[in-house]
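Here's the letter readout for the chains.
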Amino acid sequence: MATGRRAIDNKLVVGAVFIDFQKAFDCVSHSILLYKLEHNFGITGNLLAWLRDYLSDREQYTVINGVSSENTKVAYGIPQGSVLGPILFALYTSDLPKAVNTATTFLYADDTTMYCDGESVDQVTATLNKALEELALWCKHNSLVPHPKKCEGMIFKRNHFIGPLGSLKINQHLIKWCSSSKLLGVTIDNKLTWTKHISELKRGFVNKLNLIKRSRFLPRNSLLDLYFKVILPSVTYALPIWGCCTNKNEFNSLESIHCRAARVIYNLPRDMPSEDVRKTANWDSLFDTYKVRIATLIYNIYNRITPSCLEHIIQRKESKYDLRHQHRVSVQRFETYYMKNSISYRGSIVWNLLEPSAVSARDYAKRAKKSHALRNLNFNEESPQMGRPQIDSDFVFY
């Protein structure tokens, strides 16, 4: 949503449609898939023959009350639960973005998102309807069927919209408008506050912490493995995206649960201050983890390790004369929290704050984790144009 954030900051309206396909993997046509593999990707010879053999002559049957039906050959569908399945589906749908010309399309396996921007809500709605027509035509030619009841539309706008929203339709079926939707495990709201996502995350975090409490009989090393290898990764999933939550109380509530886990594992007093708890357990705060994650992401973008679609997040400074700052990136000024809380803005500050030289992203993450300047960084107090650490702990850039 980085480009969408930029559009909202420029007082434009952004509209998005989250598409759900009915039994997407089961509806893939073998003949169409093999045609695309050969003509779109140049797969021929033994490899194409192997893939054809992999897909063909599959049979299925049903068992009811112990009685089996006759075997029926399967001409559609990709075997699920396999490593090859999602790859084949991604190749199958790879031409979808080119078929939808009126909106930008992002694909991740069978999750499809289309979005566009415009001067008004009505203009955006009309554009999305045109994009849905193009999507329906592509689906007709590729044997996929959108599920209208599970598809959702959303409008992102700086100000509240007064008045009814126009209809969104695909194949003459209405698509409902919503104020929040779940995409790739992250709940997005129409103001990009991430409050609802953190609220849901907090409930799950508390339930998982109860698992730690019930497992106190285990050795401490086992509890630490359970927390850092199972529980915490599920909490910090997509942290660089939602870590900019505008409701600090919601984020702080996650910090409290994080410290509560340390109290349980290390059997610390309940009234011990959170900062002392983290020092005793030698744990990083979630906010520090958030900044390190951003630093690592920008490192990967700067060194072109990530997909090219993320290149727009940073703006490189192309200077042959300023060798001292040749690796710095530009930090733009923005009007609203939509971009001030974005990865583009905060990531640029973090990158300019740290030394970019490192052998790998892992080494860079370790260096960022140990950085005193990064730990003291407060995005609301940092001068974006300087991108430097505060000179003194009591000094504030205005």
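Shown above is the structure to which this text applies.
Residues numbered from 1 in each chain as written. Predicted model: local features only at pLDDT ≥ 70, side-chain atom pairs only at ≥ 80, totals over all residues. Heavy atoms only, no water.

A.B. asks: Can you lay out the pattern of salt bridges for me, pointing to particular residues and giving the numbers?
C.D. replies: Per the counting criterion, the structure on display carries 11 salt bridges. Residues lysine 73 and aspartate 57 are paired through a salt bridge, measuring 4.0 Å at the closest nitrogen-oxygen approach. Taken as a pair, lysine 73 in strand β5 (residues 72-74) and aspartate 57 in the loop between α3 (45-55) and β2 (58-60) lie far apart in primary sequence, 16 residues in all. Grouping residues by exposure puts lysine 73 and aspartate 57 together as exposed. (Salt bridge = Lys/Arg side-chain N within 4 Å of Asp/Glu carboxyl O. Helix = DSSP H or I, 4+ residues; strand = E, 2+ residues; numbered from the N terminus. Buried < 20%, exposed > 50% of the residue type's maximum accessible area, 1.4 Å probe, protein only.)

A.B. asks: Explain the pairing of strand β1 (residues 13-19) residue by residue, including any values.
C.D. replies: The buried fraction of β1 amounts to seven of the seven residues, a majority that puts the element mostly inside the structure. Every second residue of β1 is oriented toward a common face, with Val13, Gly15, Val17 and Ile19 on one face and Val14, Ala16 and Phe18 on the other, all of them buried. Relative to strand β7 (residues 111-118), β1 is paired through seven bridges, and the arrangement is antiparallel. Within the sheet, the bridge partner assigned to alanine 16 lies in β7 and is tyrosine 115. (Pairing = 2+ DSSP bridges.)

A.B. asks: Would you mind going over the state of the cysteines in detail, with residue names and values included?
C.D. replies: Counted by the stated rule, this structure contains zero disulfides. For the unlinked cysteine cysteine 116, the closest cysteine sulfur is that of cysteine 178, found at 15 Å. (Disulfide = S-S within 2.5 Å.)

A.B. asks: Quick rundown of the nonpolar core? Include the residues and the values.
C.D. replies: Grouped together as the largest cluster of nonpolar side chains are 74 residues, with contacts concentrated most on Tyr227 and Trp283. Counting residues in each nonpolar core, the second largest holds 38 residues, with Phe25, Leu33, Leu37 and Val121 among its members. (Core = buried A, V, L, I, M, F, W, Y, C linked by side-chain atoms within 4.5 Å.)

A.B. asks: Help me get a handle on the packing of helix α12 (residues 286-302) against helix α14 (residues 343-353), residues and values and all.
C.D. replies: As a packed pair, α12 and α14 sit with axes 9 Å apart at the nearest point and diverge in direction by 90°. Relative to α14, α12 is oriented roughly perpendicular. Touching Tyr290, Lys291, Ile294, Ala295, Leu297, Ile298, Tyr299 and Tyr302 of α12 are Ile343, Arg346, Gly347, Val350 and Trp351, all from α14. Classifying every residue of the contact of α12 with α14 gives 10 nonpolar, one polar and two charged. (Axes fitted to C-alpha atoms, helices over the stretch in contact; angles between N-to-C directions. Parallel < 35°, antiparallel > 145°, perpendicular 65-115°, else oblique. Contact = heavy atoms within 4.5 Å. Nonpolar A, V, L, I, M, F, W, Y, C, P; charged D, E, K, R; others polar.)

A.B. asks: Describe the sheet that holds strand β6 (residues 104-108), and please don't skip the residues or the numbers.
C.D. replies: Ordered in space as β6-β7-β1-β8-β10-β9, the six strands form an open sheet in which the pairing is mixed. Sheet topology places β6 and β9 (168-170) at the edges, where each strand pairs with a single neighbour. Between one strand axis and the next, the sheet turns through 30° on average, direction left out of account.

A.B. asks: Explain the side chain of serine 342 residue by residue, including any values.
C.D. replies: With respect to the helices, strands and loops of the structure, serine 342 is situated in the loop between α13 (337-340) and α14. Accessibility expressed as a relative area gives 3% for serine 342, which makes it buried. With near-sequence residues (within four places) excluded, serine 342 lies in contact with Arg5 and Gly347.

Honestly, it's all geometry; don't read function into it.
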